[in-house]
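Residue-level structural notes
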2 protein chains.
Amino acid sequence: MHIILLSGGSGTRLWPLSNDARSKQFLRLLPGVDSLQPESMIQRVVRQLKESGLDADMTVATSLSQQDSVISQLGRDVNIVTEPTRRNTFPAICLACEYLSKEKGFGPDETVVVMPCDPFTEPGYFEAIKEMAAAVERSAAELMVMGITPTYPSGKYGYVVPDGEEDGVIRVKRFTEKPDVATAEQLIKEGAKWNGGVFAFRLGYMTDISERFVNAASFADIRNRYEDFPKISFDYEVAEKAESIGMIPFTGEWKDLGTWNTLTDELKIQAYGDVTLDGTGKNTHVFNELGIPMMCIGTENLVVAASPDGILITEKCKSENIKQYAEILKTRPMFEERRWGFYRVIDHTESPDGFCSLTKRLTINPGCSISYQRHFCRNEVWTFVEGEGIFVLDGKRRPVKEGDTVVIPLGSKHSLKAISSLTFIEVQTGSNLIEEDIERFDYDWEE
Amino acid sequence: MHIILLSGGSGTRLWPLSNDARSKQFLRLLPGVDSLQPESMIQRVVRQLKESGLDADMTVATSLSQQDSVISQLGRDVNIVTEPTRRNTFPAICLACEYLSKEKGFGPDETVVVMPCDPFTEPGYFEAIKEMAAAVERSAAELMVMGITPTYPSGKYGYVVPDGEEDGVIRVKRFTEKPDVATAEQLIKEGAKWNGGVFAFRLGYMTDISERFVNAASFADIRNRYEDFPKISFDYEVAEKAESIGMIPFTGEWKDLGTWNTLTDELKIQAYGDVTLDGTGKNTHVFNELGIPMMCIGTENLVVAASPDGILITEKCKSENIKQYAEILKTRPMFEERRWGFYRVIDHTESPDGFCSLTKRLTINPGCSISYQRHFCRNEVWTFVEGEGIFVLDGKRRPVKEGDTVVIPLGSKHSLKAISSLTFIEVQTGSNLIEEDIERFDYDWEE
């Protein structure tokens, strides 16, 4: 059995903690098993999968921009399939299935479960997944879907409408996308469930559908032709067209922690980071990722969130409104988790003549290295402030440690490997200071 | 006639915008004459003095830590007398009077007016000052005090109790320090006024008193013996002991904008810096001195203030409570206005082995220079990001401009002069990274 976790999202509703590179599923805020170490939504789901014995073979289907966050948070335990461009859930699932089939060599009879990576749910959810997989294995239906028992007539979710039971599974009459509240009430009376985006099928079922759009011999060839897949959701292209669909119901806690309001309801901690609350306020949640103290006096029903991207102060019940502003407030990413560590932008200037500077603080984890690279529009000056490492400039290696400074002229090839956790201040100067001004080369650290 | 402006204060009640180096009187928030250019409390008072024709000879009595802010905000139009250590208003006024007498050579008959540098008041206040000076000149009393007509029975102020009129001035029976509210009500019925700390006298009156404590031939000698003055207020040591005191009343707007609540009442602008308000909130004032966007959604009766020192979110009516936390929240100064420009701390680290780094962004104003200096505990790396200047290292000059990097090893003498406005990123590394690790030398830029 194989699990495909879908990790997407643009991260506008939890600004400024989430952004394109750090969607909500990567925020380490939820109470973990060890309460001292909060975990992210994707870490929580993977932990729950493991606890349920469902971790046999996990593949995360995600975008290039989230790849480093997935590696950083889940390690190398999971397979990662990246979309070359963002298209929708149908192409993403096709690509992941072709990966399992053509890259990993699994046969068409293998059972595959597709699910989102960020539901806030309980163990029963994973038991329902096992039942879905079992139904696929005994061929009770070609496609299985999880039906989540609605707790209110929501217009935000799709509904799965049942049609009697057969072969141990509830037959599905049809899917109904986001209805109005009156229709939702009627659907619930008829026994309809929410569609939580969890599906199970045999691998061959999906590769057959996929190959109608892109048929190539290797996974790499299919990925190269990713643009040939239609931009459409799995629900429309697969679920609504399937001939035989079964549903396994799940009644239990299931939430989309997609807004500050719903997220803070689940948090056991009121303040994250360097925060002082004076004790006269109430129902205030504060997130401070800036390295300076924050003080709240007498605040009520408020969410305060500060990151290098910006600062939000919002009345809790209005927190969903941030969605409409996040695009305007968007800057270049000011914080990113990378496979080698993380960085934060601490200053940037643009002088009237167009000359720019960007100052970052970067930390490389022990044993990790950044790629061997060069830039065409900027010089870089690195001053090491903690740890030890090895620096390479145009092929020449030298050890570096806290207190050292190196100057990297425009066009010079350079790399850096951390021996111990290595932190440095980088001052970039030049024009067009973007992450994309980079040419990468192979470099053999073992040589 | 001479005006002595007292500029002190620790700046805890307007944290995080104010700190020891930037007391509330230096915050550029008040609506200026040109509404596009806000002015600070001290700038407003000096402008009002000039508009009233009272600017003949102004001396600011302040602490060393505020000297650079005074120069930066008032220019070289005013004299500055700095206390070697903070003692109280009596020693500070003695020192300023000795400066006028011994350093500037004014005679004992000159009229002196002492006043705070930060009342929020109207032109009538300055007319009352003129009347006080006139009363001193015609010798109606040895000490004149301004009596501000109370608007409510406050327990926060001292009261001046009258005793009939004589020679065109109201005689003062006694001073009463901060009474309880019932006493204040009774005092107001008897015609008592608030003591706003404005006094007028002849220069010789104060130098006679001063020389009872410190008698020396030169101003420099007196300043060197500053510790010999008692730590006491002018009110206790002079006003309460004076034999002949007259009062000039003032009825008009007069406020101490000492808390976020009282300050924001007077502001015409709701948001300072990069701030977006969603329009569904009310009575919110926001100050953002961090270079990142800030968004407020649906906030009510709130003050939000963010500076490199920290972030405050407070219910307006509870804003005075910050006073008790400011000491705990205090960090090293993260922003300072200096005579040559300003700096901001953008990052700091301390590694487990005690090795430290401090990264600053500094701007030197055109034509200005920092002192020729060296440090004993740190290296510095400067990367210029805007403008042009001249850099000196161990006596050797070289031009510098945006994109250049210079490394200043521990112990090396260095200086920098801006030709155009010059901004650079400084990374300090070493141990004990404090402003006090500095040895200054003379340097002749004309040579």
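Residues numbered from 1 in each chain as written. Chains lettered and ligands numbered in written order. Predicted model: local features only at pLDDT ≥ 70, side-chain atom pairs only at ≥ 80, totals over all residues. Heavy atoms only, no water.

Okay, the confidence of the model for chain A next. Residue and element names in this part refer to chain A. For chain A, mean pLDDT is 93; residues scoring 70 or higher make up 99% of the total. Per-residue pLDDT, averaged within each element of chain A, yields its smallest value for helix α10 (residues 322-329) (86) and its largest for strand β4 (residues 111-116) (98). Across the predicted assembly, pTM comes out at 0.86 and ipTM at 0.85. (pLDDT = per-residue confidence, 0-100. Helix = DSSP H or I, 4+ residues; strand = E, 2+ residues; numbered from the N terminus.)

Time to look at the pattern of salt bridges. The final tally for this structure, using the stated rule, is 52 salt bridges over all chains. The salt bridge partner of Glu 127 of chain B is Lys 130 of chain B, with a shortest N-O separation of 3.2 Å. Taken together, the residues Glu 127 of chain B and Lys 130 of chain B, both in helix α4 (residues 123-137) and three residues apart, mark about one turn of the helix. Residue Glu 127 of chain B is classed as partly exposed on the basis of its relative accessible area, which comes to 39%. A relative accessible area of 33% places Lys 130 of chain B in the partly exposed class. Overlapping salt bridges bring together Arg 13, Lys 24, Asp 118, Asp 256 and Glu 320 of chain A as one network. (Salt bridge = Lys/Arg side-chain N within 4 Å of Asp/Glu carboxyl O. Buried < 20%, exposed > 50% of the residue type's maximum accessible area, 1.4 Å probe, protein only.)

Counting residues at the interface gives 58 residues for chain A and 58 residues for chain B. Buried surface at the junction of chain A and chain B, both sides included, amounts to about 4,500 Å², of which 65% is carbon and sulfur. With its nearest N and O atoms 2.9 Å apart, the salt bridge here joins Asp 347 of chain A to Arg 361 of chain B. At the junction of chain A with chain B, the criterion picks out 15 residue pairs in polar contact (both at pLDDT 80 or more). When the residues that make up the side of chain A that touches chain B are grouped by side-chain class, the tally is 28 nonpolar, 20 polar and ten charged. (Contact = heavy atoms within 4.5 Å. Buried area = accessible area lost by both parts, 1.4 Å probe. Polar contact = N/O pair within 3.5 Å; in protein donor to acceptor, adjacent residues only side chain to side chain. Nonpolar A, V, L, I, M, F, W, Y, C, P; charged D, E, K, R; others polar.)

Further remarks concern the sheet that holds strand β16 (residues 300-307) of chain A. The pairing of strands in a sheet comes from backbone hydrogen bonds and takes either a parallel or an antiparallel form. Strands sit in the order β12(A)-β14(A)-β16(A)-β17(A)-β15(B)-β13(B) across an open sheet of six strands; the sheet is mixed. Because the sheet does not close on itself, it has two edges, and the strands there are β12 (271-272) of chain A together with β13 (275-277) of chain B. Sheet topology places strand β17 (residues 310-315) of chain A next to strand β15 (residues 294-297) of chain B; four bridges connect them, and they run parallel. What sits directly across from Thr 314 of chain A, in β15 of chain B, is Ile 297 of chain B. Packed onto the sheet, α10 of chain A meets β17 of chain A together with β13 and β15 of chain B and runs at close to 165° relative to β15 of chain B. (Pairing = 2+ DSSP bridges. Axes fitted to C-alpha atoms, helices over the stretch in contact; angles between N-to-C directions.)

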